[in-house]
Amino acid sequence: MAMFRSLVASAHQRQPPAGPAGGDSGLEAQYSCPICLEVYHRPVAIGSCGHTFCGECLQPCLQVPSPLCPLCRLPFDPKKVDKATHVEKQLSSYKAPCRGCNKKVTLAKMRVHVSSCLKVQEQMANCPKFVPVVPTSQPIPSNIPNRSTFACPYCGARNLDQQELVKHCVESHRSDPNRVVCPICSAMPWGDPSYKSANFLQHLLHRHKFSYDTFVDYSIDEEAAFQAALALSLSEN
């Protein structure tokens, strides 16, 4: 098994960087982070396997004693994670159509454009709420933070689930310049309750694609729970 993993890693490292040969339609997908599924932001590459992620997305994996690549599950040395400068150059060179208004935008500016594109925000606000495929009878412990509903960090509106929080902030706080703490992240085991997002709306739209508690098994430790949730999210996408 170890030899097979090494061969897989070597094959990934030998692959040439993706180019625009496939046209505009799949270009954004080629340069999307496997974790947040958005265009790379400050991309970093794992030295051992060569897989690339947003720097912020990979941070939770770097906090555990023996990190594994979220994509191939190979162990890696956190000291050998470097900036993917070649990917950053390609992001500045290629353009792709916005998924909402269809305007062609440089990939490096796609996140900023999407966060202000009214059509994209309307699409996200109107998405149906997530419903588990199979109901669970597992009780929710009473001694953990509330990870089902949240309060708006701008105005304090309460009892908002993730999608309601996104819709509320898009409609009511789109132009609010204040730096605020993400209530979803701060409720997670790895969350920093003192970290304030410079652009909270953009953070909401790009980071919170699924409800963590849908996947977390409270019978295992929190560190393993995060890894299980992350692996399941990646496998479904």
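Since the model is a prediction, treat every value here as computed from it, not as a measurement.

Quick rundown of the overall build of the protein chain? Include the residues and the values.
Counting its secondary structure elements, the protein chain contains 11 helices and 7 strands. A total of 237 residues make up the protein chain; the buried ones form 39% of that total. Residue pairs at least 24 apart in sequence account for 49% of intrachain contacts in the protein chain once pairs closer than 6 positions are excluded.

Give me the lowdown on helix H7 (residues 162-172), citing residues and values where you can.
Residues of H7 that are buried: Gln-162, Leu-165, Val-166, His-168, Cys-169 and Val-170. If you check the start of H7, you find a side-chain oxygen 2.7 Å away from the backbone N of Glu-164, and it comes from Asp-161.

Break down helix H4 (residues 85-93) for me, with residues and values.
Residue pairs spaced three or four apart in an α-helix point in one direction, given the helix's 3.6 residues per turn. Among the residues making up H4, those that are buried are Val-87, Gln-90 and Leu-91. Within H4, the buried residues cover an arc of 105 degrees as seen down the axis, which keeps them to one side. Seen from the buried face of H4, the exposed residues on the opposite side, beyond 90 degrees, are Lys-89 and Ser-93. Tucked into the core, H4 has its buried residues touching strand E1 (43-46), strand E2 (52-54) and strand E5 (104-106).

Outline the nonpolar core, listing residues and values.
Tyr-31, Cys-33, Ile-46 and Leu-107 are the most contacted members of the largest nonpolar core, which has 32 residues in total. Elements with a minimum of two residues in this core: E1, E2, helix H3 (55-62), H4 and helix H5 (110-116). When sequence neighbours within four positions are dropped, the list of residues in contact with Cys-33 reads Glu-38, Tyr-40, Phe-53, Cys-54 and Cys-57. In terms of nonpolar packing, the next biggest core, distinct from the first, is built from 17 residues, Phe-150, Leu-160, Val-170 and Leu-205 among them.

Give a description of the packing of aromatic side chains that names residues and reports values.
All told, the structure shown has 2 aromatic pairs when counted by the stated rule. Ring centres of Tyr-154 and Phe-200 lie 5.9 Å apart, and the angle between their planes is 70 degrees; on these two criteria the pair is classed as edge-to-face. Separated by 46 residues along the polypeptide, Tyr-154 in the loop between helix H6 (118-125) and H7 and Phe-200 in helix H9 (residues 200-207) bring together distant segments of the chain. Take Tyr-154 and Phe-200: they sit in the same class, and that class is buried.

Describe the sheet that holds strand E3 (residues 81-83), and please don't skip the residues or the numbers.
Read across the open sheet, the 3 strands follow the order E2-E1-E3; overall the sheet is antiparallel. Because the sheet does not close on itself, it has two edges, and the strands there are E2 and E3. On average, each strand axis in the sheet is tilted by 35 degrees relative to the strand beside it, whichever way the strands run. One ladder, built from 3 bridges, connects E1 with E3; its direction is antiparallel. Bridging from a neighbouring strand, Val-44 pairs with Lys-83 of E3. Seen against the sheet, H3 touches E1, E2 and E3 and runs at an angle of roughly 100 degrees to E2.

Which residues make up the pairing of E1, and what are the values?
The side-chain alternation of E1 yields two buried faces, one formed by Pro-43 and Ala-45 and the other by Val-44 and Ile-46. Note: E1 against E2, 3 bridges, orientation antiparallel. Directly across from Pro-43, in E2, lies its bridge partner Cys-54. In sequence, E1 turns back onto E2 through a hairpin of 5 residues, with Gly-50 there showing a positive phi of about 80 degrees.

Run through the side chain of Glu-28, naming residues and quoting values.
Along the polypeptide, Glu-28 turns up in helix H2 (residues 27-30). Given the relative accessible area of 12%, Glu-28 is considered buried. Ignoring any residue separated from it by four or fewer positions in sequence, one finds Glu-28 in contact with Val-39, Ala-96, Pro-97, Arg-99, Leu-107 and Met-110.

Describe the confidence of the model for the protein chain, with residues and values.
Here the protein chain averages 75 in pLDDT, while 67% of its residues score no lower than 70. Taken element by element, the predicted model of the protein chain shows its lowest mean pLDDT in helix H10 (residues 212-215) (41) and its highest in E1 (95). This stretch, residues 211-223, has a pLDDT under 50; its non-local contacts, to residues over four places away or in other chains, come to 25 contacts.

Cut-offs and rules
Residues numbered from 1 in each chain as written. Predicted model: local features only at pLDDT ≥ 70, side-chain atom pairs only at ≥ 80, totals over all residues. Heavy atoms only, no water. Helix = DSSP H or I, 4+ residues; strand = E, 2+ residues; numbered from the N terminus. Buried < 20%, exposed > 50% of the residue type's maximum accessible area, 1.4 Å probe, protein only. Contact = heavy atoms within 4.5 Å. Polar contact = N/O pair within 3.5 Å; in protein donor to acceptor, adjacent residues only side chain to side chain. Arc of directions from axis to C-beta. Core = buried A, V, L, I, M, F, W, Y, C linked by side-chain atoms within 4.5 Å. Phe/Tyr/Trp six-rings, centres within 6.5 Å; stacked < 30°, edge-to-face > 60°. Pairing = 2+ DSSP bridges. Axes fitted to C-alpha atoms, helices over the stretch in contact; angles between N-to-C directions. pLDDT = per-residue confidence, 0-100.

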